[in-house]
Every structure is written in structure tokens, then in C-alpha cells.
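Below, each chain spelled out in residue letters.
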Amino acid sequence: QVQLVESGGGLVQAGGSLRLSCAASGSMFSINTMGWYRQAPGKQRELVAISSSGGGTKYADSVKGRFTIYRDNAKNTVSLQMNSLKLEDTAVYYCYLWGNRNYWGQGTQITVSS
């Protein structure tokens with residue numbers, strides 16, 4: 001079993017920045033992918049950014065050029081630097097991990113105000 005603990009959520013003005021962090025704890029032989037998804041009210045949960053153990057990354061088109069994912073394989077942590085935040089970035093953000101199965105954090109609220 002794996003526990004994912006998120007931090008860094010909050011309220012920010014449009015155009016501002018926030019940084020999310022997630023730490024994975026628990027014994028696993030391998031961690032393949034870590035990253036972030038988000039879900040806005042009335043919307044499906046969507047991929048924001050993911051990072052493979054080898055360093056490959058994938059971003060949603062809506063966040064490319066604004067968000068950057070960072071991963072520390074040794075510490076099993078992943079962070080998301082969010083710049084130039086927009087109103088449409090408002091959502092609950094979930095840390096994600098795939099090893100032998102999918103794991104999800106509890107979610108942290110990001111609210112972007114005008």
C-alpha cells in the first residue's frame with residue numbers, strides 16, 4: 001500500500017503562481033509514473049502533468065508552457081510548479097502514482113480568482 005500526501009493548495013490571483021508537492025510513502029518495488037490530475041466541478045478528472053521514472057513528461061495542452069512537473073525518484077516526491085494561473089485552472093488537484101496499481105492522493109483545492 002502507498003499513501004500520497006499533497007501540499008501547497010490554496011487561493012491565488014489570476015496570473016500568479018503556486019507550487020504543489022506530493023510525497024509517496026509505503027513500500028513498493030517500483031514506482032513508474034507520478035504526476036497530477038485535476039477535476040473541476042461538473043467536469044471529468046483530467047491529466048495535468050505526469051512524469052515517468054525515466055524522466056519523460058507529458059502535459060495537458062491547456063497547461064503547456066505554464067506548468068512544470070519535477071520529480072525526485074530517490075525521495076518518491078513530485079512537484080508541480082504552476083505559473084500564469086488562469087481562472088480555468090480552478091479545480092481539485094490530485095497526486096497520482098502508478099506502480100503495480102493506481103494510487104491517488106486525497107486532493108487539494110486550487111482556486112484562482114480574478
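Q: Hey, could you run me through the packing of aromatic side chains in this one?
A: Within this structure, the stated rule accounts for three aromatic pairs. The interplanar angle of 75° and the centroid separation of 5.1 Å between the aromatic rings of Tyr37 and Trp104 together place this pair among those described as edge-to-face. Placement of the pair is Tyr37 in strand β4 (residues 33–39) and Trp104 in strand β10 (residues 102–104), with a sequence separation of 67 residues. Looking at Tyr37, the relative accessible area reads 18%, which means it is buried. Judged by its relative accessible area of 35%, Trp104 is partly exposed. On the basis of an interplanar angle of 55° and a centroid distance of 4.9 Å, the ring pair of Tyr96 and Trp104 is categorised as tilted. Each residue in the set Tyr37, Tyr96 and Trp104 is aromatic and connected to the rest through ring pairs, giving one cluster. Here the guanidinium or amino end of Arg45 rests over the ring plane of Trp104, the centre of that ring lying 4.6 Å away. Against the face of Tyr103 rests Arg101, its NZ or CZ located 4.4 Å from the ring centre.

Q: Just to check I follow, could you spell out the side chain of Glu6 for this structure?
A: Relative to the elements of secondary structure, Glu6 occurs in strand β1 (residues 3–7). Among the polar contacts made by the side chain of Glu6, one reaches the main-chain amide nitrogen of Gln106 at a distance of 3.3 Å. Within polar-contact distance, the side chain of Glu6 engages the backbone nitrogen of Gly107 at 2.7 Å. Residues within four places of Glu6 in sequence aside, it is in contact with Ser21, Cys22, Trp36, Tyr93, Tyr94, Cys95, Gly105, Gln106, Gly107 and Thr108.

Q: What exactly am I supposed to notice about the side chain of Ser79 here?
A: Tracing the chain through its elements places Ser79 in strand β8 (residues 77–82). Given a relative accessible area of 13%, Ser79 falls into the buried group. A polar contact of 3.3 Å, which involves the side chain of Ser79, links it to the side chain of Ser21. When residues no more than four places from it in sequence are discounted, the contact partners of Ser79 are Arg19, Leu20, Ser21, Trp36, Thr68, Ile69 and Tyr70.

Thresholds, definitions, all that
- Residues numbered from 1 in each chain as written.
- Predicted model: local features only at pLDDT ≥ 70, side-chain atom pairs only at ≥ 80, totals over all residues.
- Heavy atoms only, no water.
- Phe/Tyr/Trp six-rings, centres within 6.5 Å; stacked < 30°, edge-to-face > 60°.
- Helix = DSSP H or I, 4+ residues; strand = E, 2+ residues; numbered from the N terminus.
- Buried < 20%, exposed > 50% of the residue type's maximum accessible area, 1.4 Å probe, protein only.
- Lys NZ or Arg CZ within 6 Å of the ring centre and 35° of its normal.
- Polar contact = N/O pair within 3.5 Å; in protein donor to acceptor, adjacent residues only side chain to side chain.
- Contact = heavy atoms within 4.5 Å.

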